[in-house]
Amino acid sequence: MYAGADSQTVRHSPLVLEGLVKHFGGVTAVAGVDLEVESCEVVGVIGPNGSGKSTLFNLISGMLPMDEGRVWLVGKEVTGRSAWRIARAGLARTFQIPSLFDNISVRDNLLAAAVEGDWKGAPRRAGEVLEMLEISHVADNLASELSGGQQKLLEFGRVCMRDPSVILLDEATAGVHPNIRRIMLEAIRRVREAGATFLVIEHDMEMVREICDRIIVMDAGQVVAKGSFDEIADNVEVQRAYLGRQR
Amino acid sequence: MVSKLSRPQLASLLALFAGMVVLAVLPAYIDPYSLRIVTGVLMWAGLACAWNIVGGYAGYISFGHSAFFGIGAYVTGILMQRDLGIPFLATLPLGILVAVGVAAAIGGPTMRLRGAYFAIATWAFAEMLMQMAIVLDITGGTAGLSLPAYLNEFFFYYTMLIVALGVYLGTWYLLERTRFGYRLKALRDHEPAAEAMGIHTTRVKVQAFALSAGITSLFGSIYAYWVTFIDPRSVMGPEITDQMVVMVLLGGLGTVWGPALGATVLWLINRYIWSELGDTAIYLPILGLIIALIVLFLPNGLISLLPGGRRGHGLLGRLLRKL
Ligand SMILES: Nc1ncnc2c1ncn2[C@@H]1O[C@H](COP(=O)(O)OP(=O)(O)OP(=O)(O)O)[C@@H](O)[C@H]1O
Ligand SMILES: [Mg+2]
């Protein structure tokens, strides 16, 4: 799709990926992924375990160096930049395995997410985020004392503290109580209305149907299908990817 | 920025205030020998606090802090020699500057790597610096260096007191109240997540190391003037670092007040052994034993035994895993 694009090419979409590749020894975890996410869009990334979804996120966010490919974030090329620079350029992400700051309080976790942003306004904002995520009552507990679901909420809360342009969510609602899922969905909706663009990894098809405008399906590091929820649900490749490999 | 003090913070502030009053009037009530011991406690408390900033907060084990102590001692010692005659106070910022520069030069390349690289680099640097102090002329070699004597125990007591208090209050403020503290605790608890928030973790770690080195150098300077004679072993020997590390682990790694507690207990033990046996040969094995006991039974240090002391937070385990 982007063959022939030269280094001068300007990409205006919030997130553009071009030919991303990542090998781990003999394993090719990501094998040439192209993607363009439009403003305020929510794109779902689905695929069987080990298909390279989290690795793709790690490449985009600069957590892992990529072997090939280029990334543009809100019109700026960020290929090869370190994670903290990419974050400051407007990217926020959550991790599949909760990655809270365990030894500080829930509120301090939120404040820590704002240290490179609006620090003055952070306490007020933290209060709002705590309320939105319905975790005000545990604000002064250590993050490590939260339930699994609350930890997922706090992961997302830290993202909300930062006003990012593009947000990557890696299984934000995996295994949580329906109540917490509802809170999370509502919060995602609000952040989206404020103008953020999302790329979300999800295994829960209900969730995918509810929030995603568009879906890409990964298998063995490649995008094997893309389209709307209904198109994907009928897609033969997808069924093969899920039924043929996973079970 | 965080407006209200939490209750444990208020409690520790009150305890601090009471402690300050006691320490301020103490010299009027104790004999000169005891005063020297308390002066030593203050110095070691400050040194342990300095080591804790990089060891307990940035999560990098420095085996080379004796180098910074020695830098301060030698900068002050050399500059105060009769032919130069620079006043004591003027030597302090110079020692700090050298230590900060050296720390940045070591930390810059090594603190982006795993902790083992840093531990080895700091250890090797301290060894190298001590060897240099032994062979160079300007340091007086193994014969050492005498400073102009200023035999006023009260001066050194109050100097150590003010500096140590300043270090603790400054550290407390910096770590609990500023962006820097939040950055440091974030990267300590989860480095990739801190990076994902836009925190330039390597820079913050190097800042923490430089700060720690500067404080250590400051105490080295005061120490040199206090004891009026320094040689490579006494101000750059590895035992200095060992003692800082054990004081922090004993008191409570990664806590603001733990190092003061560890330093008090350990320095009193050190002086007791010295006064009973006339030398401290048995002290090093005791340090080793204490480390073993802490790792096995008290990973969060003595401070975790106090009411309001933080619940187990497994920093020691995390620090060791980082190596
Ligand atoms: N750091 C790593 N080192 C070596 N191999 C890795 C590493 N990270 C991922 N892999 C491998 O890359 C492949 C893709 O893994 P990845 O975690 O991206 O999959 P995923 O789609 O997120 O799976 P899941 O749905 O289980 O989270 C897997 O084969 C995995 O074993
Ligand atoms: Mg994954």
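Residues numbered from 1 in each chain as written. Chains lettered and ligands numbered in written order. Predicted model: local features only at pLDDT ≥ 70, side-chain atom pairs only at ≥ 80, totals over all residues. Heavy atoms only, no water.

- As recorded in an unreviewed UniProt entry, chain B goes by Branched-chain amino acid ABC transporter permease and comes from Litchfieldella qijiaojingensis.
- UniProt, in the comment section headed Subcellular location (unreviewed entry), describes chain B in these words: "Cell inner membrane". (UniProt positions renumbered as here; feature names shortened; annotations may be inferred.)

- The name given to chain A in an unreviewed UniProt entry is ABC transporter ATP-binding protein, with Litchfieldella qijiaojingensis as the source organism.

1. Considering the overall build of chain A
Stage number 1. Summing up its helical and strand segments, chain A has 9 helices and 10 strands in all.
Stage number 2. Since a compact globule built from 247 residues should have a radius of gyration of about 18 Å, the 18 Å found for chain A is in line with a globular shape.
Stage number 3. Seen through its C-alpha atoms, chain A measures out along the principal axes to roughly 50 × 45 × 35 Å.
Stage number 4. In chain A, which comprises 247 residues, the share counted as buried stands at 55%.
Stage number 5. Here the analysis covers contacts within chain A between residues at least 6 apart in sequence; of these, 68% occur between residues at least 24 apart. (Helix = DSSP H or I, 4+ residues; strand = E, 2+ residues; numbered from the N terminus. Rg over C-alpha atoms; globule rule 2.2 N^0.38 Å. Buried < 20%, exposed > 50% of the residue type's maximum accessible area, 1.4 Å probe, protein only. Contact = heavy atoms within 4.5 Å.)

2. What about the overall build of chain B?
Stage number 1. Helices and strands together make up the secondary structure of chain B, namely 14 helices and 2 strands.
Stage number 2. Over its C-alpha atoms chain B spans a radius of gyration of 19 Å, differing by no more than 12% from the 20 Å that the globule rule assigns to 323 residues.
Stage number 3. Taking the principal axes of its C-alpha atoms as reference, chain B extends roughly 55 × 45 × 40 Å.
Stage number 4. The contacts of chain B with a sequence gap of at least 6 include a subset with a gap of at least 24, amounting to 77%.
Stage number 5. Considering chain B, the positive charge centre built from 20 side chains and the negative charge centre built from 14 side chains are found 18 Å apart. (Lys, Arg positive; Asp, Glu negative; His and termini not counted. Charge placed at Lys NZ, Arg CZ, Asp CG, Glu CD.)

3. Digging into the coordination of the magnesium ion (ligand 2)
Stage number 1. Coordination sphere of the magnesium ion (ligand 2), protein contribution only: A:Ser54 (OG) and A:Gln96 (OE1), at 2.0 to 2.1 Å. A residue pair is termed long-range when its members are at least 10 positions apart, and A:Ser54 in helix H1 (residues 53-60) and A:Gln96 in the loop between strand S6 (91-93) and helix H3 (106-112) qualify at 42 residues. (Donors = N, O, S within 2.8 Å, 3.2 Å for Na, K, Ca; no water.)

4. Observations regarding the sheet that holds strand S9 (residues 214-219) of chain A
What holds strands together in a sheet is hydrogen bonding between their backbones, with the strands either parallel or antiparallel.
Residue and element names in this part refer to chain A.
Stage number 1. Read from one edge to the other, the open sheet built from 6 strands follows the order S6-S7-S8-S3-S9-S10, with strand pairing classed as mixed. At either end of the open sheet lies a strand with only one pairing partner, and these are S6 and strand S10 (222-227). Each adjacent strand pair in this sheet contributes to an overall mean axis angle of 20°, direction not counted.
Stage number 2. Of the strand pairs in this sheet, strand S3 (residues 42-46) and strand S8 (residues 197-201) are connected by 4 bridges, and their pairing is parallel. (Pairing = 2+ DSSP bridges. Axes fitted to C-alpha atoms, helices over the stretch in contact; angles between N-to-C directions.)

5. Regarding the side chain of A:Arg162
Stage number 1. Among the secondary structure elements, A:Arg162 is positioned in the loop between helix H5 (148-160) and strand S7 (166-170).
Stage number 2. For the buried residue A:Arg162, which engages in no salt bridge, the nearest side chain bearing the opposite charge is A:Glu116, 9.1 Å off.
Stage number 3. At a separation of 2.8 Å, a polar atom in the side chain of A:Arg162 contacts the main-chain carbonyl oxygen of A:Ala87.
Stage number 4. Within the structure, the side chain of A:Arg162 is placed 2.9 Å from the backbone oxygen of B:Ala196, a separation counted as a polar contact.
Stage number 5. A:Arg162 has contacts with A:Ala87, A:Arg88, A:Leu91, A:Ala92, A:Ala113, B:Ala196 and B:Met197, leaving out every residue within four places of it along the chain. (Salt bridge = Lys/Arg side-chain N within 4 Å of Asp/Glu carboxyl O. Polar contact = N/O pair within 3.5 Å; in protein donor to acceptor, adjacent residues only side chain to side chain.)

6. Things to note about the interface of chain A and chain B
Stage number 1. At the interface, 27 residues of chain A touch 25 residues of chain B.
Stage number 2. Of the roughly 2,400 Å² buried between chain A and chain B, counting both surfaces, carbon and sulfur atoms make up 62%.
Stage number 3. Taken as a group, A:Trp84, A:Asn103 and A:Trp119 account for 29% of the area that chain A buries against chain B, more than any other trio of residues on that side.
Stage number 4. Put simply, chain A and chain B have 1 salt bridge between them.
Stage number 5. The tally of links from chain A across to chain B stands at 8 residue pairs in polar contact (both at pLDDT 80 or more).
Stage number 6. Counting only elements with at least two residues in the side of chain A that touches chain B, the list comes to helix H2 (83-88), S6 and H3 of chain A.
Stage number 7. At 4 residues, the largest contribution of residues to the side of chain A that touches chain B is made by H2(A). (Buried area = accessible area lost by both parts, 1.4 Å probe.)

7. Remarks on the environment of B:Leu23
Residue and element names in this part refer to chain B.
Stage number 1. Mapped onto the fold, Leu23 is located in helix H1 (residues 7-25).
Stage number 2. On a C-alpha basis, the gap between Leu23 and Leu42 in space is 10.0 Å, while along the polypeptide they are 19 residues apart.
Stage number 3. Excluding residues within four positions of it along the chain, Leu23 makes contact with Val38, Leu42, Tyr157 and Leu161.

8. A closer look at the nonpolar core
Proteins that are soluble and globular tend to have nonpolar side chains buried together.
Stage number 1. Core analysis: the largest hydrophobic core is formed by 163 residues, its most contacted members being A:Leu133, A:Phe156, A:Phe198, B:Trp44, B:Leu184 and B:Phe219.
Stage number 2. A total of 16 residues in this core trace back to one element, the largest contributor, which is helix H2 (residues 32-57) of chain B.
Stage number 3. Discounting chain neighbours no more than four positions away, the residues touching B:Trp44 are B:Ile240, B:Gln243, B:Met244, B:Met247, B:Ala263 and B:Trp267.
Stage number 4. Residues A:Leu15, A:Val30, A:Val71 and A:Met218 belong to the second largest nonpolar core, which totals 26 residues. (Core = buried A, V, L, I, M, F, W, Y, C linked by side-chain atoms within 4.5 Å.)

9. As for the confidence of the model for chain A
Keep in mind that low pLDDT regions are not for reading the predicted coordinates in detail.
Stage number 1. On average, residues of chain A score 90 in pLDDT, and 94% of them are at 70 or above.
Stage number 2. This stretch, residues 1-5 of chain A, has a pLDDT under 50; its non-local contacts, to residues over four places away or in other chains, come to 10 contacts. (pLDDT = per-residue confidence, 0-100.)

10. Overview of the pairing of strand S2 (residues 27-37) of chain A
Stage number 1. Inspection of the sheet shows strand S1 (residues 15-24) of chain A paired to S2(A) by 8 bridges, in the antiparallel sense. Considered in S2(A), the bridge of A:Leu15 is made with A:Val37.

11. Considering the site of ligand 1
Residues and elements named next belong to chain A.
Stage number 1. If you check the shell around ligand 1, you find 14 residues, and the closest are Asn49, Lys53, Ser54, Thr55 and Gln96.
Stage number 2. Here an oxygen atom of ligand 1 sits 3.1 Å away from a polar atom, N or O, in the main chain of Gly52.
Stage number 3. With the chains in place, 62% of the 630 Å² that ligand 1 exposes on its own is no longer accessible.
Stage number 4. Looking at the shell around ligand 1, the elements with two or more residues in it are S2 and H1.
Stage number 5. Element by element, the count of residues in the shell around ligand 1 is highest for H1, at 3 residues.
Stage number 6. Considered class by class, the residues forming the shell around ligand 1 number 4 nonpolar, 8 polar and 2 charged. (Near = heavy atom within 4 Å. Areas by Shrake-Rupley, 256 points an atom, 1.4 Å probe, with all protein chains shown as cover. Nonpolar A, V, L, I, M, F, W, Y, C, P; charged D, E, K, R; others polar.)

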